[in-house]
Amino acid sequence: MSEELFKKMAQSIIDGDSDVAVELANEAIAAGIDPLVAITDGFVIGVNQVGDAFACGDAFLPELVMAGEAMKAAVTTLEPEMARRGSERQILGKVVLGTVEGDIHEIGKSLVGTMLGASGFQVYDLGVDVSAEKLIGKAVEVGANIIAMSALLTTTMVKQKEVIELLEQEGLHNTIKVMVGGAPVTREWVGKIKADGYSEDAIGAVAVAKSIVGAA
Ligand code: B1M
């Protein structure tokens, strides 16, 4: 039964149909399906398909925009349930989160924020297109343990490097650690820019954040 639902979820994103995507997300909650599984086995399959079609010229920007909107609507519907399921309530650390400057992809970043929040981190989500100065300024203001940055474009990944360089220049990298992620980010890149943690997905991001604050 879930398989059928997951297929419909993927199709709702391919169709760019936000109403159907929200309906299916609510159906998953009512059926007791883990919201993260609904995202990864259902909705993400559709958004990846649209992304691949866009990359090879079989889909165009309007389709990408509509798929993104439907994806966002589905994830926003599932987020409260994800947060509700988070069992750990003790504050493990403070995380300042954002998508890097020049980059407006927000869905994966928000998912990482929700998972971190549900796992006991206090998350300050600064949104998308966030400059190095804003990320570092907020981290200093709230006494954050971690700056977490998402980048979805090969052209904006370099901003992750700039944040780390600025932290080092200001002598703050010892106290504020950096986690990075996003589709184009690789382990090789993480090593090159001297980030303190990297994960491929939102679940892994929780484990990485815990290990950074010594709560693993
Ligand atoms: Co854009 N886009 N997009 N897009 N878009 C990509 C990323 C692309 C790969 C599509 C493609 O060509 N195949 C391509 C990038 C190519 C490249 O540089 N390598 C691309 C492009 C080219 C563009 C534009 C330049 C298009 C244009 O205007 N010509 C433009 C750029 C705008 C900008 O940012 N300045 C653009 C715009 C958009 C929309 C606005 C239309 C829309 C975003 C809507 C929104 O976010 N509200 C959009 C979408 C939807 C996509 C795809 C299809 C889907 C992204 C997504 O939401 N995935 C994407 C193709 C793809 O990824 N398959 C694509 C679902 C999400 C759950 O996954 O974000 O990867 P993801 O997050 C994952 C992991 O990466 C990880 O965990 C998450 C959950 O598992 N993760 C972290 C993410 N951040 C993390 C941080 C961590 C740890 C893990 O620690 C800190």
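Only a predicted model underlies this, so the values are computations on that prediction, with no experimental measurement involved. (Residues numbered from 1 in each chain as written. Predicted model: local features only at pLDDT ≥ 70, side-chain atom pairs only at ≥ 80, totals over all residues. Heavy atoms only, no water.)

### Details of the coordination of the cobalt atom of the ligand
There is one protein donor for the cobalt atom of the ligand, and it is H105 (NE2), at 2.2 Å. For H105, the position within the fold is in the loop between strand 1 (93-99) and helix 5 (107-118). (Donors = N, O, S within 2.8 Å, 3.2 Å for Na, K, Ca; no water. Helix = DSSP H or I, 4+ residues; strand = E, 2+ residues; numbered from the N terminus.)

### Brief notes about helix 7 (residues 158-169)
Under the 1.5 Å per step criterion, the end-to-end length of helix 7 is 17 Å for 12 residues, consistent within 8% with the ideal 16 Å. Those residues of helix 7 that fall on the buried side of the exposure criterion are Q160, V163, I164, L166 and L167. Across the axial projection of helix 7, the buried residues extend over an arc of 160°, all falling on one side. Where helix 7 is buried, its residues touch helix 6 (132-142), strand 3 (146-150), strand 4 (177-181) and helix 8 (187-193). Two residues or fewer after helix 7 comes G171, characterised by a positive phi angle close to 65°. (Expected span 1.5 Å × (residues − 1). Buried < 20%, exposed > 50% of the residue type's maximum accessible area, 1.4 Å probe, protein only. Arc of directions from axis to C-beta. Contact = heavy atoms within 4.5 Å.)

### Topic: the site of the ligand
Near the ligand, the surroundings consist of 33 residues, among which G51, I104, H105, E106 and S150 are the closest. A distance of 2.8 Å separates a nitrogen atom of the ligand from a polar atom in the backbone of G51. Measuring from an oxygen atom of the ligand, one finds a backbone N or O atom of I104 at 2.7 Å. If you map the ligand onto the pockets, it falls in the largest pocket. Only helix 3 (35-55), helix 4 (61-85), helix 5, strand 3 and strand 4 provide two or more residues apiece to the shell around the ligand. Considering every element that reaches the shell around the ligand, the biggest residue donor is helix 3, with five residues. When grouped by side-chain class, the residues that make up the shell around the ligand number 18 nonpolar, 11 polar and four charged. The two domains that each donate at least three residues to the shell around the ligand are domain 1 (2-85) and domain 2 (93-213). (Near = heavy atom within 4 Å. Polar contact = N/O pair within 3.5 Å; in protein donor to acceptor, adjacent residues only side chain to side chain. 1 Å grid on protein atoms, 1.4 Å probe; cavity = no way out; pocket = protein on both sides within 12 Å on 5 of 7 lines; lining within 4 Å. Sits in = over half its atoms within 2 Å of the grid points. Nonpolar A, V, L, I, M, F, W, Y, C, P; charged D, E, K, R; others polar. Domains from an automatic or database assignment.)

### Some details on the pairing of strand 1
Strand residues, when the strand is regular, have side chains that alternate between the two faces of the sheet. Counted residue by residue, strand 1 has six buried out of seven residues, so it is predominantly covered. The sheet contact formed by strand 1 and strand 2 (residues 121-125) spans five bridges and is parallel. Bridging across to strand 2, G93 finds its partner in F121. On the question of chirality, the crossover connecting strand 1 to the parallel strand 2 by way of helix 5 is right-handed. Pairing geometry for strand 1 and strand 3, over five bridges, is parallel. Across the sheet, T99 pairs through a bridge with S150, a residue of strand 3. (Pairing = 2+ DSSP bridges. Right-handed = clockwise from strand over helix to strand, strands pointing away.)

### Comments concerning the sheet that holds strand 3
Pairing within the open sheet is parallel, and its five strands lie in the order 2-1-3-4-5. The open sheet has two free edges, formed respectively by strand 2 and strand 5 (197-198), since each of these has just one partner strand.

### Some thoughts on the environment of I29
As for its placement among the helices and strands, I29 is situated in helix 2 (residues 18-30). Along the backbone, I29 and T77 are 48 residues apart, and their C-alpha atoms lie at a distance of 9.2 Å. Filtering out sequence-adjacent residues up to four positions away, I29 remains in contact with T77, L78 and E81.

### Some words on the domain arrangement of the protein chain
Parsing the protein chain into structural domains produces domain 1 (2-85) and domain 2 (93-213). Taking only C-alpha atoms, the centre of domain 1 and the centre of domain 2 are 24 Å apart. Taken residue by residue, the interface counts nine residues in domain 1 and eight residues in domain 2. Counting the surface lost from both domain 1 and domain 2, the interface buries some 760 Å², and carbon and sulfur atoms represent 80% of this. For the pair domain 1 and domain 2, the number of links is one salt bridge. The salt bridge partner of E106 is K72, with a shortest N-O separation of 2.9 Å. One can count two residue pairs in polar contact (both at pLDDT 80 or more) joining domain 1 with domain 2. When contributions to the side of domain 1 that touches domain 2 are tallied by element, the ones reaching two or more residues are helix 3 and helix 4. With seven residues, the single largest contributor to the side of domain 1 that touches domain 2 is helix 4. Partitioned by chemical class, the residues of the side of domain 1 that touches domain 2 number six nonpolar, one polar and two charged. (Buried area = accessible area lost by both parts, 1.4 Å probe. Salt bridge = Lys/Arg side-chain N within 4 Å of Asp/Glu carboxyl O.)

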